[in-house]
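# Observations on chain architecture
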Amino acid sequence: MKDVKGRVVLITGAGGGIGRLMALEFAKLGARLVLVDKDGKAAEESAAIARGVGVEARGFELDVTDRPAILALREVVRRDFGRVAVLVNNAGVVFGGPLTKTPWERHKLTYDVNVFGVVAFTHAFLDDMIAEPQAHLVNIASASGFIGLPFGSTYASSKWAVIGFSESVRQELLTDGHKHVKVTTVCPSYIATGMFEGVKGPLLTPILKPQVIVDKIMAAVKAERAWVLEPFMVKLTPLLRGVLPTSLFDWAGKLFGVSTSMMHWRGHNEPAAAAKATASVGASALPN
Ligand SMILES: NC(=O)c1ccc[n+]([C@@H]2O[C@H](COP(=O)([O-])OP(=O)(O)OC[C@H]3O[C@@H](n4cnc5c(N)ncnc54)[C@H](O)[C@@H]3O)[C@@H](O)[C@H]2O)c1
């Protein structure tokens, strides 16, 4: 979307990480911001930062897995802000660890937040966006949506789902004649926000600085590009997976350190002792 000045931008997971940085970038462009996070205090802090550059911004405490709350938010946004023109589905969680040693609740939460959160927000707000003269849907997926990610299988597969959903919605909008609603699917490798603390960046895939990927996302929105694949190796990944025999692709994944990158994942606030591939690990206070 070329010009977001005065338009309503809703970002989920805006209380920290790249969500907060994107909020600030949209604020600098003069957007009016609806900032959602399960951590209401953090969302309000982001809103205060945005207001600091002179735009209207409000933080909302909301869990993206809570559909009634999303529908209630839509009413508040319609009343106080008007129709959403840009929706950034950014909220996400990850729980690393061996599949069967990781508690079921963490696998389920990963899908609930990363997949159904994205679907629920899009389902709730897309009609309003279509009613706008110009609109843009940004879905934050991941490079892991193109590959297998050992010790992060439900995270990676949730991002495969986001890519499939995002690409389907993009094509549906085109097919339905809503060319004025653009869709961008964002697939970064590891970013230094703390979400993947402890991971080892694969060869030729440096851990991205948050501002670097945010600048790429903002540029893609402005240029109305359908994809952001960063860093460069991520652009090659779908091609390599398509042309290489599986055994060779597996060999390359091992050589480059993709298949072992999650072995020492700690995430936010996880004690270093959890950095064992044999232990169940997680960033939240969920029961084991
Ligand atoms: N950090 C990475 O290496 C990386 C790589 C690729 C993709 N991504 C994706 O980028 C997005 C942002 O990640 P980040 O690195 O900024 O992470 P982060 O953990 O710093 O920020 C995520 C934000 O989402 C919020 N959130 C989590 N669950 C929520 C819920 N149920 N409801 C509402 N808010 C919720 C958190 O409170 C937090 O503020 C995520 O979708 C993530 O999967 C991250």
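Residues numbered from 1 in each chain as written. Predicted model: local features only at pLDDT ≥ 70, side-chain atom pairs only at ≥ 80, totals over all residues.

Moving on: the environment of Phe26. Looking at the secondary structure, you find Phe26 in helix H1 (residues 17-28). Judged by the 26 C-beta atoms lying within 10 Å of it, Phe26 is buried. Along the chain, Phe26 and Ile70 lie 44 residues apart, while their C-alpha atoms are 22 Å from each other. Every residue in contact with Phe26, bar those within four places of it in the chain, is listed here: Val4, Val9, Ala31 and Leu33. (Helix = DSSP H or I, 4+ residues; strand = E, 2+ residues; numbered from the N terminus. Buried ≥ 20, exposed ≤ 12 C-beta atoms within 10 Å, placed from the backbone. Contact = placed C-beta atoms within 7 Å.)

Ordered in space as E3-E2-E1-E4-E5-E6-E7, the 7 strands form an open sheet in which the pairing is parallel. What marks the edges here is a single partner per strand, and that holds for strand E3 (57-61) and strand E7 (227-230). Taken over all neighbouring pairs, the strand axes of this sheet differ in orientation by 15° on average, direction set aside. In this sheet, E7 lies alongside strand E6 (residues 181-188) in parallel orientation, the contact comprising 4 bridges. Each residue of the ladder has a partner; that of Val186, found in E7, is Val228. (Pairing = 2+ DSSP bridges. Axes fitted to C-alpha atoms, helices over the stretch in contact; angles between N-to-C directions.)

The next thing to look at is the pairing of strand E5 (residues 135-140). Where burial is concerned, most of E5 is hidden: 6 out of the 6 residues are buried. Here strand E4 (residues 84-89) pairs with E5 via 4 bridges, running parallel. When the sheet's bridge partners are listed, Asn89 is paired in E5 with Asn139. At this point the chain moves from E4, through helix H4 (residues 104-130), to the parallel E5, and the crossover so formed is right-handed. Both E5 and E6 contribute to a ladder of 6 bridges, which runs parallel. (Right-handed = clockwise from strand over helix to strand, strands pointing away.)

Per-residue confidence for the protein chain gives a mean pLDDT of 93, with 93% of residues at or over 70. Segment residues 272-288 is flagged for pLDDT under 50; beyond a separation of four residues in sequence, or across chains, it makes 35 contacts in the model. (pLDDT = per-residue confidence, 0-100.)

Our next topic: H1. For H1, spanning 12 residues, the distance from its first C-alpha to its last is 17 Å, which sits close to the expected 16 Å at 1.5 Å a residue. Most of H1 sits inside the fold, with 9 of its 12 residues counted as buried. Taken together, the buried positions of H1 are occupied by Gly17, Ile18, Gly19, Arg20, Leu21, Met22, Ala23, Phe26 and Ala27. Directly beyond the C-terminal end of H1, a positive phi value near 90° is found at Gly30. (Expected span 1.5 Å × (residues − 1).)

Around the ligand sit 28 residues, and of these Gly13, Gly17, Lys38, Gly92 and Thr193 come closest. Residue contributions to the shell around the ligand peak at 3 residues, all from H1. Among the residues making up the shell around the ligand, the classes are represented as 12 nonpolar, 12 polar and 4 charged. (Near = placed C-beta within 6 Å. Nonpolar A, V, L, I, M, F, W, Y, C, P; charged D, E, K, R; others polar.)

A few words on the nonpolar core. Val9, Leu10, Leu33 and Leu35 are the most contacted members of the largest nonpolar core, which has 83 residues in total. Broken down by element, the residue count for this core peaks at 7 residues, all from H4. Once residues within four sequence positions are removed from consideration, Leu10 is found in contact with Val34, Val36, Val77, Val84, Leu87, Val88 and Phe125. (Core = buried A, V, L, I, M, F, W, Y, C linked by C-beta atoms within 7 Å.)

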